[in-house]
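Secondary and tertiary structure notes
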Amino acid sequence: MANVCFYHISYISGDKSAMKELALYFKGEKEKKLGGVRTDETYFDEKDLWIDGGCKWSATTSMLKEGYYTRYTDTDLTNLELLTKELGLKIRLVANESGCFVKEDYTIDNGIVYDNTML
């Protein structure tokens, strides 16, 4: 069984209604999926525009292009680079996996990932 990573995604800028659309991908309610994201552990706050939940291993593995999306190219997966570009969003993704001490902090701006993680 994979280690569980907990993540928090917050809205920075763009169309606010697009955050609700993004949350539907995390909940597994869209045709494309984010590999490794636990759809049954996704929570969306429409008022403050944040998404919380759990995923396998790390946010990088589950949500970014270099993870499951690249490994399993023949599937119906998507990633945050594609989604933020499509939806016109700038978001912040902070994640923590305590078993292997993985901490991640990214800003994703219309498909471009900025790594804010402090080593």
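Before reading on, note that the structure itself is shown above.
Being a predicted model, the structure only gives us computed values, none of them experimental.

1. What about the packing of helix α1 (residues 17-26) against helix α4 (residues 80-87)?
Angle between the axes and distance between the axes: these two values describe a pair of packed helices. The N-to-C vectors of α1 and α4 enclose an angle of 150°; their axes lie 10 Å apart at closest approach. One finds that α1 runs roughly antiparallel with respect to α4. You can see that α1 and α4 cross each other, and the crossing is right-handed. Counted together, Ala 18, Glu 21, Leu 22, Tyr 25 and Phe 26 of α1 and Leu 80, Leu 83, Glu 86 and Leu 87 of α4 form the full contact between these two elements. Residues belonging to the contact of α1 with α4 are distributed by class as follows: seven nonpolar, no polar and two charged.

2. Structural notes on the environment of Thr 107
Turning to its location among the elements, Thr 107 is positioned in strand β7 (residues 102-109). Between the C-alpha atom of Thr 107 and that of Ile 91, which follows or precedes it by 16 residues, the distance is 5.8 Å. Sequence-distant contacts of Thr 107, defined by excluding residues within four places in its chain, comprise Ile 12, Lys 90, Ile 91, Arg 92, Ile 112, Val 113, Tyr 114 and Asn 116. At 2.8 Å, the side chain of Thr 107 forms a polar contact with the side chain of Asn 116.

3. Re the packing of aromatic side chains
Summed over the entire model, instances satisfying the criterion amount to one aromatic pair. Their ring planes at 40° and their centres at 5.4 Å tell us that Tyr 7 and Phe 26 sit as a pair that is tilted. A residue pair is termed long-range when its members are at least 10 positions apart, and Tyr 7 in strand β1 (residues 4-14) and Phe 26 in helix α1 qualify at 19 residues. In this structure Tyr 7 comes out as buried when scored by relative accessible area, which is 3%.

4. Overview of α4
Regarding α4, the residues found buried are Leu 80, Glu 81, Leu 83, Thr 84 and Leu 87. Measuring from the backbone nitrogen of Glu 81 back to the side-chain oxygen at the start of α4 gives 3.0 Å, which picks out Asn 79 as the cap. Of the residues flanking the end of α4, it is Gly 88, one or two places downstream, whose phi is positive at about 70°.

Conventions we followed
- Throughout this document, residue positions are counted from 1 along each chain, in the order its sequence is written.
- Side-chain atom pairs in this predicted model are given and counted only at pLDDT of 80 or more, local residue features only at pLDDT of at least 70, and totals for whole chains, interfaces and linings cover all residues.
- Side-chain descriptors were evaluated using all non-hydrogen atoms of the structure, hydrogens and water having been removed beforehand.
- All axes here are fitted lines through C-alpha atoms, helices being fitted over the stretch that makes contact, and every angle between N-to-C directions spans 0 to 180 degrees.
- Helix and strand definitions here come from DSSP, where helices need a minimum of 4 consecutive H or I residues and strands a minimum of 2 consecutive E residues; each element is numbered from the N-terminal end.
- Should an angle fall under 35 degrees it is called roughly parallel, over 145 degrees roughly antiparallel, and 65 to 115 degrees roughly perpendicular, with every other angle called oblique.
- The hand of a helix crossing depends on one turn: near helix anticlockwise from the far one by less than a right angle means left-handed, and clockwise means right-handed.
- Whether two residues touch is decided by their heavy atoms; if any such pair falls within 4.5 Å, the residues are in contact.
- Note that Gly is not counted as nonpolar here; it falls among the polar residues with everything else outside the nonpolar set of Ala, Val, Leu, Ile, Met, Phe, Trp, Tyr, Cys and Pro and the charged set of Asp, Glu, Lys and Arg.
- Whenever a nitrogen or oxygen atom comes within 3.5 Å of another N or O atom, the pair is scored as a polar contact, on the condition that within protein one atom can donate a hydrogen and the other can accept it, and that pairs from neighbouring residues in sequence are kept only if both atoms are in side chains.
- Pairs were defined over the aromatic rings of Phe, Tyr and Trp, the Trp ring being its six-membered one, requiring ring centres within 6.5 Å. Orientation was assigned from the angle between planes: stacked under 30 degrees, edge-to-face over 60, tilted for the rest.
- Three exposure classes are used, based on accessible area relative to the maximum for each residue type with a 1.4 Å probe and protein chains only: buried under 20%, partly exposed in between, and exposed over 50%.

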